[in-house]
Amino acid sequence: MRVKICGITNLQDALDAINAGADALGFVFYANSPRYITPLKAKEIVEKLPPFVQIVGLFVNENENFINEVCAESKMHLAQIIDDNEILNYELLKVKSIKVIRVKSQKDLKNLNKDYYLLDAFVDGFGGEGKRVALEWFENLDCSKFILAGGLTSNNLKEINGYGFYGVDVSSGVEESKGKKSKQKMIDFVKEANEIA
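The sections below set out a description of the structure shown in this document. (Residues numbered from 1 in each chain as written. Predicted model: local features only at pLDDT ≥ 70, side-chain atom pairs only at ≥ 80, totals over all residues. Heavy atoms only, no water.)

As a further point, take the side chain of Ser 182. Structurally, Ser 182 can be placed in the loop between β10 (180–181) and α4 (183–193). Residue classification places Ser 182 among the buried residues on the basis of a relative accessible area of 9%. The residues contacting Ser 182, other than those within four sequence positions of it, are Val 174, Glu 175 and Glu 176. (Helix = DSSP H or I, 4+ residues; strand = E, 2+ residues; numbered from the N terminus. Buried < 20%, exposed > 50% of the residue type's maximum accessible area, 1.4 Å probe, protein only. Contact = heavy atoms within 4.5 Å.)

In structure tokens, the structure reads:
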């Protein structure tokens with residue numbers, strides 16, 4: 001199972017996440033987040049990272065030009081996009097993207113096309129609230145292209161065993177405080193994720 005550790009704000013946390021076995025690192029380009037990072041600071045971190053790690057930028061209700069500019073400046077490989085008003089023209093993006101579905105009810109999981117999606121529990125804010133989507137909503141669904149986010153920790157990852165998620169995304173579940181990761185929590189999280197089918 002693939003693991004993305006989101007809300008990276010400094011080089012040491014990035015390196016610790018990679019050494020723990022994370023497949024992807026997330027950088028939050030949403031100014032109201034306690035994990036916000038500037039494109040320039042993100043670029044400084046990215047340029048010091050080893051190869052074969054995917055770098056992901058998180059955007060909240062931004063336009064195509066902003067996403068393109070920030071991804072180019074910060075050297076993001078992928079844009080993770082919350083587009084609540086569904087006004088973004090994805091064809092104008094110059095970077096690969098993945099849509100975030102903020103799940104309010106089971107019906108939000110119906111009729112999704114065959115793309116990959118990141119699924120997070122709906123909260124009034126954006127991310128890092130530790131709320132989880134109800135797992136029973138995924139029963140009898142093909143979860144092989146779903147990345148589950150929200151409320152995950154090394155202590156509860158076993159509960160998603162058997163659903164067949166493509167990956168998991170964690171931020172607050174591996175933190176010492178908002179914006180500061182715990183090396184041991186990241187190690188424990190990735191270890192548990194690697195044991196899940």
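From this point, the narrative continues.
An order of β1-β2-β3-β4-β5-β6-β7-β8 is seen for the 8 strands of this closed barrel, with the pairing classed as parallel. Averaged over all adjacent pairs, the angle separating strand axes in this sheet is 25 degrees, with direction ignored. Most of the contacts of helix α3 (residues 64–74) go to strand β3 (residues 54–60), to which it runs at about 150 degrees, and overall it touches β3 and β4 (78–82). In this fold α4 packs onto β1 (2–5) and β8 (167–170), with an angle of close to 155 degrees to the strand it touches most, β1. (Pairing = 2+ DSSP bridges. Axes fitted to C-alpha atoms, helices over the stretch in contact; angles between N-to-C directions.)

Remark: the centre distance and the inter-plane angle together describe each pair of aromatic rings, the angle taken between the planes. Under the criterion given, the structure shown has 6 aromatic pairs. Here the aromatic residues Phe 138, Phe 146, Tyr 163 and Phe 165 are joined through ring pairs into a cluster of three or more. (Phe/Tyr/Trp six-rings, centres within 6.5 Å; stacked < 30°, edge-to-face > 60°.)

In a structure, side chains of opposite charge can pair up when their charged atoms sit close to one another. Scanning the entire structure with this criterion turns up 9 salt bridges. Two residues, Arg 102 and Asp 84, come together in a salt bridge whose shortest N-O distance is 3.3 Å. Placement of the pair is Arg 102 in strand β5 (residues 96–103) and Asp 84 in the loop between β4 and β5, with a sequence separation of 18 residues. Judged by its relative accessible area of 13%, Arg 102 falls in the buried class. You can call Asp 84 partly exposed: its relative accessible area is 38%. Salt-bridge contacts for Glu 175 lead to Lys 181; the nearest nitrogen and oxygen are separated by 3.0 Å. Accessibility classification places Glu 175 together with Lys 181 in one group, the buried group. (Salt bridge = Lys/Arg side-chain N within 4 Å of Asp/Glu carboxyl O.)

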